[in-house]
Structure formats: C-alpha cells, structure tokens
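# What the coordinates show
Spelled out, the chains give:
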Amino acid sequence: MISKNFVYLIIYLLFSVVTYAEEYTLQSPDNLLKINLLIDKHISFKAFYQNELLFETHDISLHLKNGEILGKSPTVIRSSNAEVNELIHPVIKEKKSEIKNHCNELTLWFQGNFGLFFRVYDHGIAYRFFTEKEAAITIVHENLEVQNMENDSVWFQSSRTFN
C-alpha cells in the first residue's frame, strides 16, 4: 500500500515542475487593435488588427549592468487595467497645440521590484519598463524580438548612436 506521504510528495513534485503561463488581453479604445500577452519563461505578445495577426514579439527584457535581467523567468505579483483619456498640451508646439492621449493600459508588477506598462491605442502599441528599486540602475541592453508575418516589410531608421 502506498503511504500518504508518498502521494503528497508526488503531487508536490508535479506542481513544482509545472509552471503556468499567464495570459492577458488588452484592446484599443475602438476594439480593432488587440494584444495578447503571454508571461511564461519570457514576456511576449501577439498583435492583432481586426483579429488578423500583425506580428509577434518575444523575449521582452531589460539587461542591467549588475547582471540582472528584468523579464527573464518573470513572476507577476499583481496587475491593473485603466483607460487613459486626456489632452496633452506640449510646451513646445511643433505640429499641434493639443494632443489627444486615448488608450487602454495594462500595468504588470513583477517580483524583483520592476514592472511593465502596456498601452494599446487605436493606431499603435507601446510598452515601457519601470522599476521600484532603491538603488540607481544602469541599462546595458534592451531586448525585443519582433517576428513579422510573411510578405511584410519593415522600415528602420538607422542611427550612429543607437546600438
């Protein structure tokens, strides 16, 4: 007969080996643009327009000078959603004196005192890291792998000062 302790040990080992991915969905205010975020061994998302896949991203991460990699084996500790709908009045008016800032925002906080803001606008997607670390940090490298769909093209402005 199998002892209770042995059964508990097997159950514990099964659950400690299996990791669960977390998924989040965020849509634009007009509901045409959408991202599906996957938090697993890395942070990634797929972007859709009218339910057609536009592109995929993989391994969103921030590499720090101290060797820490924000986004590697991430664990979400909390999340929140918000709608942003405001008018921005830039100090230096280049094209417009008033800019409409309307989007849906998802904020994720991770173990390790860092987080990510994701924003989906009617015509765009943005993300930004933030930290709540007590000491200053030095960013060595930011990683974002983008996989475009077949027959797509990309325009990239090169820069001598951007690595």
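Scope of this entry: the structure provided in the associated data block. (Residues numbered from 1 in each chain as written. Predicted model: local features only at pLDDT ≥ 70, side-chain atom pairs only at ≥ 80, totals over all residues. Heavy atoms only, no water.)

### Description of unusual backbone geometry
With a phi angle near 65°, Asn51 is a residue other than glycine that sits in the positive phi range. Of note, Asn51 is situated in the loop between strand S3 (43–49) and strand S4 (52–64). The class of Asn51 is exposed, set by a relative accessible area of 65%. With a phi close to 50°, Ser73 is a non-glycine residue in the positive phi region. Residue position: Ser73 is located in the loop between strand S5 (69–70) and strand S6 (76–88). On the accessibility criterion, Ser73 (53% relative accessible area) is exposed. (Helix = DSSP H or I, 4+ residues; strand = E, 2+ residues; numbered from the N terminus. Buried < 20%, exposed > 50% of the residue type's maximum accessible area, 1.4 Å probe, protein only.)

### Regarding the pattern of salt bridges
Here the idea is simple: oppositely charged side chains can pair when their charged atoms come close. A full pass over the atoms with the stated rule returns two salt bridges. The salt bridge involving Glu68 is made with Lys133; its shortest N-O contact spans 3.1 Å. Of this pair, Glu68 sits in the loop between S4 and S5 while Lys133 sits in the loop between strand S9 (124–131) and strand S10 (139–148), and the two are 65 residues apart along the sequence. We classify Glu68 as partly exposed; its relative accessible area is 27%. (Salt bridge = Lys/Arg side-chain N within 4 Å of Asp/Glu carboxyl O.)

### Let's talk about the nonpolar core
What tends to happen in soluble globular proteins is that the nonpolar side chains get buried as a cluster. Judged by nonpolar contacts, the single largest core of 22 residues is most densely connected at Ile35, Leu37, Leu108, Phe110 and Phe118. Looking at this core, the elements that each hand over two or more residues are strand S1 (22–27), strand S2 (33–39), S3, S4, strand S7 (99–110) and strand S8 (114–121). Those residues in contact with Leu108 that sit more than four places away from it in its chain are Tyr24, Leu37, Ile39, Val76, Arg78, Ser79, Phe114, Gly115, Leu116, Phe118 and Phe130. (Core = buried A, V, L, I, M, F, W, Y, C linked by side-chain atoms within 4.5 Å. Contact = heavy atoms within 4.5 Å.)

### A short note on the pairing of S2
Burial within S2 is extensive, with five of its seven residues counted as buried. Judged from the six bridges that link them, S1 and S2 form a sheet pairing that is antiparallel. Within the sheet, the bridge partner assigned to Leu26 lies in S2 and is Ile35. Connecting the antiparallel pair S1 and S2 is a turn made up of five residues, with Asn31 showing a positive phi of about 65°. Alignment of S2 against S3, held across seven bridges, turns out to be antiparallel. Paired with Asn36 across the strands is Lys46, a residue of S3. (Pairing = 2+ DSSP bridges.)

Without other data, these values stay purely geometric and don't point to any function.
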